[in-house]
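Per-entry structural report
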Amino acid sequence: MTDEINYSNNPLHGVSLKQVVSELAQHYGFEILYAYLNINCFKTNPSTESSVKFLKKTDWAREKVEAFYLYQYKSLPRASAEQFERPPRDRIVPPDQVPGPPAVLSLEDAERLREKRARKAEQHDRESAQRPERGRRPASPRPSPAAGNDDPWAKWRK
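Residues numbered from 1 in each chain as written. Predicted model: local features only at pLDDT ≥ 70, side-chain atom pairs only at ≥ 80, totals over all residues. Heavy atoms only, no water.

1. Section: the overall build of the chain
When helices and strands are counted, the chain shows 6 helices and 0 strands. Evaluated residue by residue, the chain yields a buried proportion of 25% over its 158 residues. A total accessible area of about 12300 Å² is found for the chain, and carbon and sulfur atoms account for 51% of it. (Helix = DSSP H or I, 4+ residues; strand = E, 2+ residues; numbered from the N terminus. Buried < 20%, exposed > 50% of the residue type's maximum accessible area, 1.4 Å probe, protein only. Areas by Shrake-Rupley, 256 points an atom, 1.4 Å probe, with all protein chains shown as cover.)

Below is the structure:
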């Protein structure tokens, strides 16, 4: 019995990372890629070769770029919660979902998205600060030195 899954409907199937980066860079440019993905390889001396070299070494960045390719460039609908847990190359795209035209992106939209993410993160930080931490004991206060024993070497002196 074989448990082979058909990934042929996934737009990443059979596409190299270099092809993904070059398509994205040709269509959007490195400035837009940096604005949306916030990965430094698209800002500091950007090139397809250097970006691919970095992305091959860094799993989180590669997955971020591949997800951007699927959902912005290929305009696929959002993945289900189960599929979202998988890396983009392992996601199964239903046969009725076909890639669409690339999304129109701008630097202004990227700035609005960045501000929205910052507000969400700030709200999350405020909410987590109000919640008591489970499983951690409160820090015990340090014992203060006894009155009159200001000299830490006093007990060794005679």
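Let us keep going from here.
2. A few points about the packing of helix α3 (residues 48-57) against helix α4 (residues 59-73)
Contact geometry of α3 with α4 gives a least axis separation of 5 Å together with a crossing angle of 115°. Across from Phe-54, Leu-55, Lys-56 and Lys-57 in α3, the residues of α4 making contact are Asp-59, Ala-61, Arg-62 and Val-65. Grouping the amino acids of the contact of α3 with α4 by side-chain chemistry returns 4 nonpolar, no polar and 4 charged. (Axes fitted to C-alpha atoms, helices over the stretch in contact; angles between N-to-C directions. Contact = heavy atoms within 4.5 Å. Nonpolar A, V, L, I, M, F, W, Y, C, P; charged D, E, K, R; others polar.)

3. A closer look at the nonpolar core
With 29 residues, the main nonpolar core has Leu-24, Phe-42, Val-65 and Phe-68 as its most contacted residues. Elements with a contribution of two residues or more to this core: α1 (17-27), α2 (30-37), α3 and α4. Among all residues touching Leu-24, those that are not within four sequence positions of it are Gly-29, Leu-33, Val-65, Phe-68, Tyr-69 and Tyr-73. (Core = buried A, V, L, I, M, F, W, Y, C linked by side-chain atoms within 4.5 Å.)

4. Structural notes on the side chain of Thr-48
Mapped onto the fold, Thr-48 is located in helix α3. Excluding its chain neighbours within four sequence positions, the residues that come into contact with Thr-48 are Lys-18, Val-21, Ser-22 and Phe-30.

5. A short note on the layout of surface pockets
The space that makes up the largest pocket amounts to roughly 750 Å³. Looking at the largest pocket, it is lined by 19 residues, and the ones nearest its centre are Ala-67, Tyr-71, Gln-72, Arg-78 and Arg-117. Those elements that provide at least two residues to the lining of the largest pocket are α2, α4 and α6 (107-130). If you tally residues by element for the lining of the largest pocket, the top one is α4, at 7 residues. When grouped by side-chain class, the residues that make up the lining of the largest pocket number 12 nonpolar, 1 polar and 6 charged. (1 Å grid on protein atoms, 1.4 Å probe; cavity = no way out; pocket = protein on both sides within 12 Å on 5 of 7 lines; lining within 4 Å. Points joined across faces, edges and corners; volume = space filled by probe spheres on them.)

6. Looking at α4
Given a rise of 1.5 Å per residue, 15 residues ought to cover 21 Å, and the 20 Å separating the end C-alpha atoms of α4 matches this to within 8%. Every buried residue of α4 is accounted for by Ala-61, Val-65, Glu-66, Ala-67, Phe-68, Tyr-69, Leu-70 and Tyr-73. Tucked inside the fold, the buried residues of α4 contact α1, α2 and α3. (Expected span 1.5 Å × (residues − 1).)

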